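Observations on the three-dimensional arrangement
Take a look at the letters that make up each chain.
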Amino acid sequence: MSALPGSQMSKIYGLTGGIAAGKSTVRKLFSDHGFQVFDADSVAREVVVPGSIGLQQIVDQFGSKVLKSDGSLDRKLLGSIVFSDPQQLQKLNHITRPLIKTKILKMISAVKKSSSPTITIFEIQLLFEGNYQQYFDGVISLYVDPEVQLRRLMERNNLTKKVALERINSQMPMEQKRQKADFVIDNSKDLTHLASEFAQLISQL
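Let me begin by describing the structure that accompanies this report. (Residues numbered from 1 in each chain as written. Predicted model: local features only at pLDDT ≥ 70, side-chain atom pairs only at ≥ 80, totals over all residues. Heavy atoms only, no water.)

Turning to the environment of Tyr132, a few remarks are in order. Locating Tyr132 in the fold gives a position in the loop between strand S4 (118-123) and strand S5 (138-143). For Tyr132, a relative accessible area of 5% corresponds to the buried category. Distance in space between the C-alpha atoms of Tyr132 and Lys101 is 8.5 Å, their sequence separation being 31 residues. If we skip the residues at most four places from it in the chain, Tyr132 touches Arg97, Ile100, Lys101, Ile104, Ile124, Leu126 and Leu127. (Helix = DSSP H or I, 4+ residues; strand = E, 2+ residues; numbered from the N terminus. Buried < 20%, exposed > 50% of the residue type's maximum accessible area, 1.4 Å probe, protein only. Contact = heavy atoms within 4.5 Å.)

See the structure below:
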């Protein structure tokens, strides 16, 4: 964990950005530099494991067709249902967001109670949508040019342009996230440029 120079307090920052903006890459950079790192996607998976209240509520809402043969959630199938229909996405969010938020807030609380002078990074894709910013010492947002975002998402997930745009448009625009953030990393270019942006950010934290 990275120590805070000249400080005796632990700090926790939220990391966000649009889909395919490179959050996993930046999260790994933080981890490689010794920061304590958490991510909301892992929490999202935990609240819908077989036997959980979250998974049962999803099945009640969408039917058993969203389950794999082993009883686990078929995230790909569920995604195809909700990202093409805003009403279905709203129904899913109504189930999962409260469960995810409860667990995340417990994790944030535990970090803030720590007496060691460290910096912790918590990646949450829907950070502003879930109004998490109030719980952090600052928010870091990743930004990429819209054309780059679309191309990366299509290539990464093997999606058609129509499906990729549906997923992008289901979220808050990246420009809006950039304006709301305390710190911004531009990941529109190559890894060398990203490393430079990251180094500049670290000097500010």
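The rest of the description comes next.
What follows deals with the packing of helix H4 (residues 75-82) against helix H5 (residues 86-112). Where H4 contacts H5, the axes come no closer than 7 Å and their chain directions differ by 130°. With respect to H5, the axis of H4 lies oblique. Contacts between H4 and H5 pair Leu78, Ile81 and Val82 from the former with Pro86, Gln88, Leu89 and Leu92 from the latter. Partitioned by chemical class, the residues of the contact of H4 with H5 number six nonpolar, one polar and no charged. (Axes fitted to C-alpha atoms, helices over the stretch in contact; angles between N-to-C directions. Parallel < 35°, antiparallel > 145°, perpendicular 65-115°, else oblique. Nonpolar A, V, L, I, M, F, W, Y, C, P; charged D, E, K, R; others polar.)

We now examine the pairing of S4. Taken across its six residues, S4 has six buried, putting it largely inside the fold. With burial as the criterion, each face of S4 is covered, one bearing Thr118, Thr120 and Phe122 and the other bearing Ile119, Ile121 and Glu123. Pairing of strand S2 (residues 11-17) with S4 involves five bridges; the strand directions are parallel. Along S4, the bridge assignment pairs Lys11 with Ile119. Across four bridges, the pairing between strand S3 (residues 36-39) and S4 is parallel. Residue pairing in the sheet places Asp39 in a bridge with Glu123 of S4. (Pairing = 2+ DSSP bridges.)

Our next topic: the pattern of salt bridges. The final tally for this structure, using the stated rule, is eight salt bridges. Across the pair Arg45 and Asp41 runs a salt bridge, and its minimum N-O distance is 3.4 Å. Linking Arg45 with Asp41, this pair stays in helix H2 (residues 40-46), spanning four residues, or about one helical turn. Take Asp41: its relative accessible area is 36%, and that puts it in the partly exposed class. The residue Asp41 makes a salt bridge to Arg75 at a minimum N-O spacing of 3.3 Å. One end of the pair, Asp41, is in helix H2; the other, Arg75, is in helix H4, and 34 residues separate them in sequence. A residue is classified by how much of its surface remains accessible, and Arg75, at 34% relative accessible area, is partly exposed. (Salt bridge = Lys/Arg side-chain N within 4 Å of Asp/Glu carboxyl O.)

Moving on: the side chain of Glu123. Looking at where Glu123 falls in the secondary structure, it is placed in strand S4. On the basis of relative accessible area, Glu123 is assigned to the buried category, the value being 8%. Not counting residues within four places of it along the chain, the set of residues in contact with Glu123 comprises Leu15, Lys23, Ser24, Arg27, Phe38, Asp39 and Ala40.

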